[in-house]
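Chain by chain, the residues:
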Amino acid sequence: MGERRLMSRRLAEGSAGSPCWLAPLHGIGHRGWRESIVALGGTGVCCAPFVRITDQRLPERWLSERVEAIPGSVSSVQLMGKDPAALARAAGILARAGAQIIDLNLGCPIRRVAAKGVGSALLESPALAQQIVARMRAALPNTTLSAKIRLGVSELEDTLSFAEQLAEAGIDCLVVHPRRRADQYDGEADWEVVARLVEKLTIPVIGNGDLWHASTALQRLASTGCRGVMFGRPALRNPWILSQTAALQRGVAAPEPDGEMLARHLESLAQIILRTSPTRSSRGARPDEATEGPEAEGSEATHAPLRAPGVLAASRSRTLAGHFKEYLRWILRAVEPGLLEPSELMALEDFPDLVNRAAHAMSRLAPEQLDLGLRPRFGSTPGGSLSGADPSL
C-alpha cells in the first residue's frame, strides 16, 4: 500500500514534475489534439475521454485500445458507470493495457447523464460510490486510482465527507471541479473548497475550473496547496497554457505565443488530425457505433500550405474540417474582438482551404492582439460550454 501511494503521489504530479493535467474532454477531445498539446510541453498527465461502462460486456481488445500512450505524459483513462463489477473489470483491463491512472467520473453534470444514475448523480449515492471504488481498488493493486468530483448538491460538509469516504475506500488522488452539479458551467468555481479538501485529505488533490491564464493557475496552486491543476476549456482556447503554467511553476521563461506561432500550431494540429482521425473501420469506434474520418496518412507538419495526400473526397474533407473547427472556434476566442471575421472561416468546408486560410489569418497577429499571454489582456473572462458535449471540466 505504501509503495503504491508513493507512486501515486509522483504520478499525481505528472511526468517531469509538471503539476498540469489535461482534462478528459468528451465529444471534442480528438487524440490528435491531445498529441499537439503534449508536444508543446508541460503536460504531466494526459487524460483520454471517458469510457461509458454498462452491464453490456465490452470486448477486452476494444477497451485496451482506449489507452493512449502519448510520449511526454502520464496516461490516464476515465471510466463512467454505476455497476461495481463491470467497472472493476474494465479498470483491470485498462491497467494491464498500460494505463498509469484509472479515473472514476463522479462529476459529469449533464442532465441526461445524471438521469441514468452515473457521473454527478453518484454524489447522492455515497454508499454505491464507495462500493464502486472498493471494487476498482481491488482490481488495481499496483495502479493509481483517482476520482473526479463536483461539489455536492447541498452542503459543503457533505462534499468533504464524500471525499473522505472515497479516500477511505481506496482512491489515491482526487480531482475536484468546485461547482455544484446545478451550476453546470455558470458562475465561478469556488476554489476555497479545493483548499478545504487539501486540509481535510491526506491524498493529493487536483484542482480544476476557471484556469484561463497561467498566472491564475500558479496562484491557485500556491493559495490552496493542491498538488496539481487540470485544464479543459482553457487548453482548447490556449494550447500553451499547460506549458506556460509548468514553466512558471519551475521559475523559467514561459512561452508567449504570437500569430506566427499560432499559425504553425494550427498547421501541425491539422496534420495530426489528418493522420489520426478514425475511419468507419477504425479501432477507435465503439463496437456498436460507426465514425467517419480519413484513411490517408499525413506527413510532417511544416509552416507551408497544407497538402492532403491524394485528393480528399468532399465528404471526408467536410468531416476533417468539422474536427478542425471544433478547436478553431475556441482559439478564435483568444483573438482581439473585431480583428477577424470568424463566420467566414467557419463557413469553409474544404479542409486544406480552411487550414491554410486560418493559418494565414493568425500569422499576421501580434502578441498584444492575442489573449494567449500569462495574464489577461482584454479585460474579460473567457468562458462558454462545449455545445453538445460533456466537457468533464
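Here is what the cut-offs are and how they apply
- Residues numbered from 1 in each chain as written.
- Predicted model: local features only at pLDDT ≥ 70, side-chain atom pairs only at ≥ 80, totals over all residues.
- Heavy atoms only, no water.
- Phe/Tyr/Trp six-rings, centres within 6.5 Å; stacked < 30°, edge-to-face > 60°.
- Helix = DSSP H or I, 4+ residues; strand = E, 2+ residues; numbered from the N terminus.
- Buried < 20%, exposed > 50% of the residue type's maximum accessible area, 1.4 Å probe, protein only.
- Lys NZ or Arg CZ within 6 Å of the ring centre and 35° of its normal.
- Salt bridge = Lys/Arg side-chain N within 4 Å of Asp/Glu carboxyl O.
- Pairing = 2+ DSSP bridges.
- Axes fitted to C-alpha atoms, helices over the stretch in contact; angles between N-to-C directions.
- Contact = heavy atoms within 4.5 Å.

Chemist: Help me out: how do you make sense of the packing of aromatic side chains in this one?
Modeler: Applying the stated criterion to the full structure yields two aromatic pairs. Between the aromatic rings of phenylalanine 324 and phenylalanine 351, the centroid separation amounts to 6.2 Å while the plane-to-plane angle is 75 degrees, which identifies the pairing as edge-to-face. Pair noted here: phenylalanine 324 is in helix H13 (residues 314–331) and phenylalanine 351 is in helix H15 (residues 351–363), with a separation of 27 residues, a long-range link. Overall, the relative accessible area of 0% leaves phenylalanine 324 in the buried class. For the cation-ring pair, arginine 66 lies above tryptophan 62, with the distance from its terminal atom to the ring centre recorded as 4.2 Å. Positioned over the ring face of tryptophan 330 is arginine 333, at 4.1 Å from the centre of the ring.

Chemist: What am I meant to see in the environment of valine 74 here?
Modeler: Relative to the helices and strands, valine 74 is located in strand S3 (residues 74–80). For valine 74, a relative accessible area of 5% corresponds to the buried category. Residues valine 74 and tryptophan 21, spaced 53 residues apart in sequence, show a C-alpha to C-alpha distance of 9.2 Å.

Chemist: Looking at this model, I keep getting lost on the pattern of salt bridges. Mind explaining?
Modeler: It is possible for side chains of opposite charge to pair when their charged atoms get near one another. The final tally for this structure, using the stated rule, is twelve salt bridges. Between glutamate 68 and arginine 34 there is a salt bridge, with the nearest N and O atoms lying 2.6 Å from each other. Of this pair, glutamate 68 sits in the loop between helix H3 (60–64) and S3 while arginine 34 sits in helix H2 (residues 31–39); the two residues are 34 residues apart in sequence, bridging distant segments of the chain. Here arginine 34 falls in the buried class, since its relative accessible area comes to 3%. Taking the shortest distance from any N to any O, the salt bridge between arginine 233 and aspartate 210 comes out at 4.0 Å. In this pair, arginine 233 sits in helix H10 (residues 233–237) while aspartate 210 sits in the loop between strand S7 (205–208) and helix H9 (214–224), placing the two residues 23 residues apart along the sequence. In this structure aspartate 210 comes out as partly exposed when scored by relative accessible area, which is 22%.

Chemist: Any chance you could explain the sheet that holds strand S1 (residues 20–22) here in plain terms?
Modeler: Either a parallel or an antiparallel arrangement is found when strands of a sheet pair, and the pairing is made through backbone hydrogen bonds. Spatial ordering of the closed barrel is given by S1-S2-S3-S4-S5-S6-S7-S8, a layout of eight strands whose pairing is parallel. Between one strand axis and the next, the sheet turns through 30 degrees on average, direction left out of account. Relative to strand S4 (residues 101–106), S3 runs parallel, the two being bridged by four bridges. Considered in S4, the bridge of valine 77 is made with isoleucine 102. Contacts between helix H4 (residues 84–96) and the sheet are confined to S3 and S4, with S3 contributing the most and set at about 165 degrees to the helix.

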